Amino acid sequence: MTGIPGAAPVQGPAGRTGVGAASLRWKPPIDRSEVRSLLAYLRACVRREAVHTHAVRADSLDSDTCACLPEGPEVLFSGAGETLPPHPEAARVLRLGRRRGQALRYGYPLVVLREGGNRVALPLLTVDVRVVDDIDESRREPDVPLVRAVGPPDVNTGLLTRLGITDPEDLFELRARLRSGAPDPARRPAAVADLAAKVRGLLTRLEIERVDDIDPLATRGAPRTVEGGAHNVAVVFLAGPSGQAEAEGAEPGTVEGVLADLDPSDRAGLDPDAVTGTALEPLLGQPSAGRRAGPDPADAPGRLFRGGRAAARRAARDTAEADGADDATVPVSATPLDQAQYAILRAAMSEQITVAAAPPGSGAHDLVDAIVRTAVSNGQRVLVCGRTETDIDETAARADTSPAHPVVRVGGRGHRAEEARMLTRLLAEQAGGLPASGPGSAGEDPAAHWAALAEDWARVRGAWRDMDTMASGGYALAQLAEERGRGIARGWDPDALFTPERGGPEYWLHRTERARAGGLVGCQHRGAIRRELGVSTDPDNLDRLGAVARMESEWRSAVDRRTRCAPLGELTSELADALARHRRSSAACLRSVSGPRLRRGRAAVENRLETLDWHHGNGWPGVASLLDALPAWTCRTDQVRALPPQAGLFDLVVVLGAERTRVAELLPALYRAGRAVVFGDPAYPGPTTVLEPDEERRALAAAGLAPDQLDARGLRHGSGSAMRALRRAAPAMLWLDEHDGAPPLLAGAASRHCYGGRIVVRTDPDPRCGPPFEWRDVAGSCEAVPGASFVNRDEAYRVAVVVGEVDDRLPPGRVVAVVAPTQPQVALIRRLLSRRALLHEVRVGGPELLDSDRAAADVTVLSPVLAAGAPAAAERRVRGMGHLWSSVLTRTRQRLLVVGDRGYWSGDDGPLGDLDAMVTGTCVVGADPAATVLVEELRAVGTGVVLQQTVEGWTADMVVRFGSRRLLLLLDREPDGRALRHLLARGEALNRATGDPVVVVPAWRCLADPGALVGEILAAC
């Protein structure tokens, strides 16, 4: 265990980090000047990205931050002039921009969108402008400066993002079309050839209605109404973060807050001199020679994972080795832990950086709760950072599981009232709590609870080891049985050779080795072999005899070890009992630690509560002293600014959604902790960037960094996620490898095609929901549309019909998701469905629609767009969307309906081709030697045998009928205890669903003693 149970934490950065217990097998040197350069580069990229994606509230039009220009001809985009005419309306915007240090932009035409109850205004086309200093003063009106475009015209990326266009190829193509044929790039850089036609074409492509006629020669001075759509209005507005935000004035969760945290010159920013000893150290240090070279093959966006049973067995072996370590952490958990979860928890409590793959439905939030409880029980401070509010809500919900432990939620100003209510409740509960002699009081001895916890956990690990021994022994026996059978077929029968009268295989192995020697001794041994075994003693036969004797010795030893194992049912019951006892002792341990700690910190709680009443700024009064009383905290990853900027403030930071988090957003969280464990879905390619390549290269040059420097460490802005960068700085990635949620047919396809076969599906199938996978065949045409995207209109019209059918038949309360891989297809389907009166909640979107387990749908309708004759670019793009297939297959709870060209997809080696082969029965399943032998033996005694039959949604390896009786068989070839437990769980589910007896049959017995095994099977009928 890490730390002293129940002890007060050690103060000071060195003592707080917990790095002393972390594995520092490599210590990358920190180049502080390089860290400063990296921070400057990331700040520049984040700031510029915020300028590109800036949106103006509709009620801020004609304010100090956004001015509508007077009516008249549009100047900059039409190329009619080099500068905007002087307008008093824009003067106040320019003055405020100078004061704040914000970017100044010009846009036309103005597009108004509805976002919930609010409306935002975003010009369709934008360009950076600046105040002109070299114009004759006589041409200006007093106090009204002129502005000039300083860059090429751009399609508003903030608008595109809100419309669902996030693919870099789409953005590149739209920019290229807009800038093609520019009339005078040198003098009029913002000029657009044939402006009116291009604007109208873009609005049509984006399916934005026109409130006004688009006429650049006669713009309107201001929108007549704030009705949604395109208005023939030009605006000047301020974009991006202010350049003069005070350190404590930067609101958490805003771009200003992230920039302030990344500013080493800010007194409350990240200090490069304090990075050593924090979780940020491995990420910013130079990788040692021992680290892997070259890119990770799974880092490429859309690249699907490779692997298989061999990779799974290696992972299981690594987990077993970690489980057997002497210094194993004792977890504190409210839910049963499996071995994969424990391996991650143990690494989180010891390694400086731990990266955990958490595919959808793998129980990441349950494990996070166990990590928090373990760290808190060990006297450590822990911070949980989630990418979304959903992650925070899931963390809080599990913290309320009995025994509940307080997790303080921080963030923006709106969360302070929530924090105050929580602190008030804790004080009230403490005041009305149990007397000092009651459970959880200071009168209890925490050491007794920890001793019981350690003993119970030792029982769990012992049961795991016993089941691993049984499973691995059976797996080895099956392989040896196959080898033994091949030897018998060649005439080398070990039972005939090595009898009790002649001697065992070890005896004859010794004699065979001596027989290879020369002289009289070798001659004597060769004579004995010929005389007693009847085997010729030429060199080849001696080699074969030695191999057979060695194999038979291993076989008999393995059989002996397997027969000495406790019965499987006894091991299963023992494990279940040990896990139940461990959960009870975990609860007692947590109570014995958290109760006294909260009583000791009552004064700190009262101080913080009083501070919240009078302090309304963005500082951190009372937080540091509260951490000892309430060591568990949570916030969104971009809201870490709500916590003091102290290096190593927490012992551990847990990050959820790292695959969708930028490196710049994660650095402040890593800086505030000594260790980090990050969870993410490795099938997701990572966040993209709207920066133009030249903009990113200028940021690199200004910071004095080389591209290769950052590419090798995954730190380049827009090239991947924080998870990708951390994978290059951490030990091997660990996996959460059990899925619960999607039907086994769908989740199994996701495992094979998106996660290299690493995922085991634990979902209970529900036959009442009907088949989990269906086709609606439509032979459409995949067509290109402006912006390097594609649409299949026939598919979209058929999707609308299918959704209507599903809506009519689906029980109340169900949710339908309609997913398509391209934005034009999504927009067309959304428009078609908007004309229908639907009874259920129907959500339409791209791969991001199913972005969390809480966003899962009961029925998903997929329009894959591709069809016969699809362009190669479309095929490359859609087939490479690993996150599309992963989210659709793992976050569909009941049924997946594919509306598309079945002839195109069937026979394909991707997920849809695989699923089609499974439901049509054309999937080729390799012959299993053990199953073949057993089937022959069963049929020889007159039973009927059917292979791979699905019964009530569950698949049995064999269904045996003997007269009127039926028996279900599961073949045991599992390599480790975890896989064997999954097999037993499937057997129990089959028994519950059918009422028929279920027998787990060891594969090695099918090969070694099929006759006796068949007799036992028939006796069970």
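Residues numbered from 1 in each chain as written. Predicted model: local features only at pLDDT ≥ 70, side-chain atom pairs only at ≥ 80, totals over all residues. Heavy atoms only, no water.

(A) Local environment of the pattern of salt bridges. Per the counting criterion, the structure on display carries 62 salt bridges. Put simply, Asp 261 and Arg 641 hold a salt bridge, and the shortest N to O gap is 3.2 Å. Of this pair, Asp 261 sits in helix H7 (residues 255–261) while Arg 641 is found in the loop between strand E13 (632–636) and strand E14 (650–656), placing the two residues 380 residues apart along the sequence. Take Asp 261: its relative accessible area is 4%, and that puts it in the buried class. Under the relative-accessibility criterion, Arg 641 is labelled buried at 2%. Put simply, Arg 556 and Glu 552 hold a salt bridge, and the shortest N to O gap is 2.8 Å. Taken together, the positions of Arg 556 and Glu 552, both in helix H18 (residues 539–564) and four residues apart, correspond to about one turn of that helix. Bridged by salt links that share partners, the residues Asp 366, Asp 393, Glu 394, Arg 398 and Arg 854 form one connected network. (Salt bridge = Lys/Arg side-chain N within 4 Å of Asp/Glu carboxyl O. Helix = DSSP H or I, 4+ residues; strand = E, 2+ residues; numbered from the N terminus. Buried < 20%, exposed > 50% of the residue type's maximum accessible area, 1.4 Å probe, protein only.)

(B) Structural detail: the sheet that holds strand E12 (residues 408–409). The sheet built from seven strands is open, its strands ordered E12-E13-E11-E14-E15-E10-E16 with parallel pairing. With partners counted over all chains shown, the strands left at the sheet margins are E12 and strand E16 (734–735), one partner each. In this structure, strand E10 (residues 353–357) lies alongside E16, joined through two bridges in parallel fashion. For Ala 356, the partnering residue across the bridge sits in E16 and is Leu 734. (Pairing = 2+ DSSP bridges.)

(C) Structural detail: the side chain of Arg 175. Here Arg 175 is to be found in helix H5 (residues 168–179). Residue Arg 175 is classed as buried on the basis of its relative accessible area, which comes to 7%. Side chain to side chain, Arg 175 and Asp 154 meet in a polar contact 2.8 Å long. The residues contacting Arg 175, other than those within four sequence positions of it, are His 52, Asp 154, Thr 157, Val 690, Leu 691 and Glu 692. (Polar contact = N/O pair within 3.5 Å; in protein donor to acceptor, adjacent residues only side chain to side chain. Contact = heavy atoms within 4.5 Å.)

(D) Looking closely at the nonpolar core. Counting residues in hydrophobic clusters, the biggest one holds 112 residues, and the most contacted among them are Tyr 41 and Trp 633. Excluding its chain neighbours within four sequence positions, the residues that come into contact with Tyr 41 are Glu 696, Ala 699, Leu 700, Ala 703, Leu 705, Leu 710, Leu 715, Arg 716 and His 717. Listed in part, the 58 residues of the second largest apolar core include Met 349, Leu 367, Cys 565 and Leu 652. (Core = buried A, V, L, I, M, F, W, Y, C linked by side-chain atoms within 4.5 Å.)

(E) Quick look at the sheet that holds strand E29 (residues 998–1002). Read across the open sheet, the four strands follow the order E26-E27-E28-E29; overall the sheet is mixed. Strands with a single pairing partner mark the edges of an open sheet, and in this sheet they are strand E26 (944–951) and E29. Here the strands of the sheet are splayed against their neighbours by 35° on average, with no regard to which way each runs. Strand direction decides the pairing type here: strand E27 (residues 954–962) and strand E28 (residues 965–972), joined by five bridges, are antiparallel. The partner of Arg 961 across the bridge, within E28, is Arg 966. Across the face of the sheet, helix H34 (residues 977–994) comes into contact with E26, E27, E28 and E29 while running at roughly 165° to E28. (Axes fitted to C-alpha atoms, helices over the stretch in contact; angles between N-to-C directions.)

(F) Helix H10 (residues 339–348), seen in detail. The buried count for H10 comes to ten of ten residues, which makes it a mostly enclosed element. Measuring from the side-chain oxygen of the N-cap residue of H10 to the backbone nitrogen of Ala 340 gives 3.1 Å; that N-cap residue is Asp 338.

(G) Highlighting the packing of helix H2 (residues 32–52) against helix H23 (residues 693–703). The geometry of H2 relative to H23 is characterised by a closest axis approach of 8 Å and an angle of 150° between their N-to-C directions. Considering the angle they form, H2 stands roughly antiparallel to H23. As for how H2 packs across H23, the hand of that crossing is right-handed. Taking contact as the criterion, the partners of Ser 37, Tyr 41, Ala 44, Cys 45, Arg 48 and His 52 in H2 are, on H23, Glu 695, Glu 696, Ala 699, Leu 700 and Ala 703. (Parallel < 35°, antiparallel > 145°, perpendicular 65-115°, else oblique. Left-handed = near helix turned anticlockwise from the far one by under 90°.)

(H) Just the packing of aromatic side chains, in detail. Within the structure shown, the criterion is met by ten aromatic pairs. Ring plane angle 40° and centroid distance 5.3 Å describe the contact between Phe 77 and Tyr 106, whose orientation is recorded as tilted. Of this pair, Phe 77 sits in the loop between strand E2 (66–68) and strand E3 (83–84) while Tyr 106 is found in strand E4 (residues 103–115), placing the two residues 29 residues apart along the sequence. Residue classification places Phe 77 among the buried residues on the basis of a relative accessible area of 0%. A centroid spacing of 5.2 Å and a plane angle of 90° characterise the contact between Tyr 904 and Trp 905, whose relative ring orientation is edge-to-face. Relative accessible area serves as the criterion here: at 16%, Tyr 904 is assigned to the buried category. Of the residues examined, Trp 905 reaches a relative accessible area of 2% and is grouped as buried. Directly above the aromatic system of Tyr 684 lies the positively charged group of Arg 660, at a separation of 4.0 Å from the ring centroid. (Phe/Tyr/Trp six-rings, centres within 6.5 Å; stacked < 30°, edge-to-face > 60°. Lys NZ or Arg CZ within 6 Å of the ring centre and 35° of its normal.)

(I) Fine view of H34. For H34, which comprises 18 residues, the first-to-last C-alpha distance of 26 Å matches the rise-based estimate of 26 Å (1.5 Å per residue) to within 8%. Among the residues of H34, Gly 977, Arg 978, Ala 979, Leu 980, Arg 981, His 982, Leu 983, Leu 984, Gly 987, Ala 989 and Leu 990 are the ones counted as buried. The N-cap of H34, judged by a side-chain oxygen 3.1 Å from the amide nitrogen of Arg 978 a few residues on, is Asp 976. Of the residues trailing H34, Gly 995 is marked for its positive phi of about 80°. (Expected span 1.5 Å × (residues − 1).)

(J) Geometry of the confidence of the model for the chain. In this model, the chain carries an average pLDDT of 86, and 89% of its residues clear a pLDDT of 70 or more. Mean pLDDT across the elements of the chain bottoms out in helix H1 (residues 13–17) (40) and peaks in E14 (97). Segment residues 287–326 is flagged for pLDDT under 50; beyond a separation of four residues in sequence, or across chains, it makes 61 contacts in the model. Predicted confidence for residues 434–443 stays below pLDDT 50, and this span has 15 contacts to residues more than four positions away or in other chains. (pLDDT = per-residue confidence, 0-100.)

(K) Examining the pairing of strand E11 (residues 382–386) more closely. Judged by how many residues are buried, E11 sits mostly within the fold: five of five residues are covered. Residues Val 382, Val 384 and Gly 386 of E11 are buried on one face, and the alternating residues Leu 383 and Cys 385, pointing to the opposite face, are buried as well. Strand direction decides the pairing type here: E11 and E13, joined by five bridges, are parallel. Along E13, the bridge assignment pairs Val 384 with Thr 634. Bridging between E11 and E14 involves five bridges; their strand directions are parallel. By the bridge assignment, Leu 383 is partnered in E14 with Val 653.

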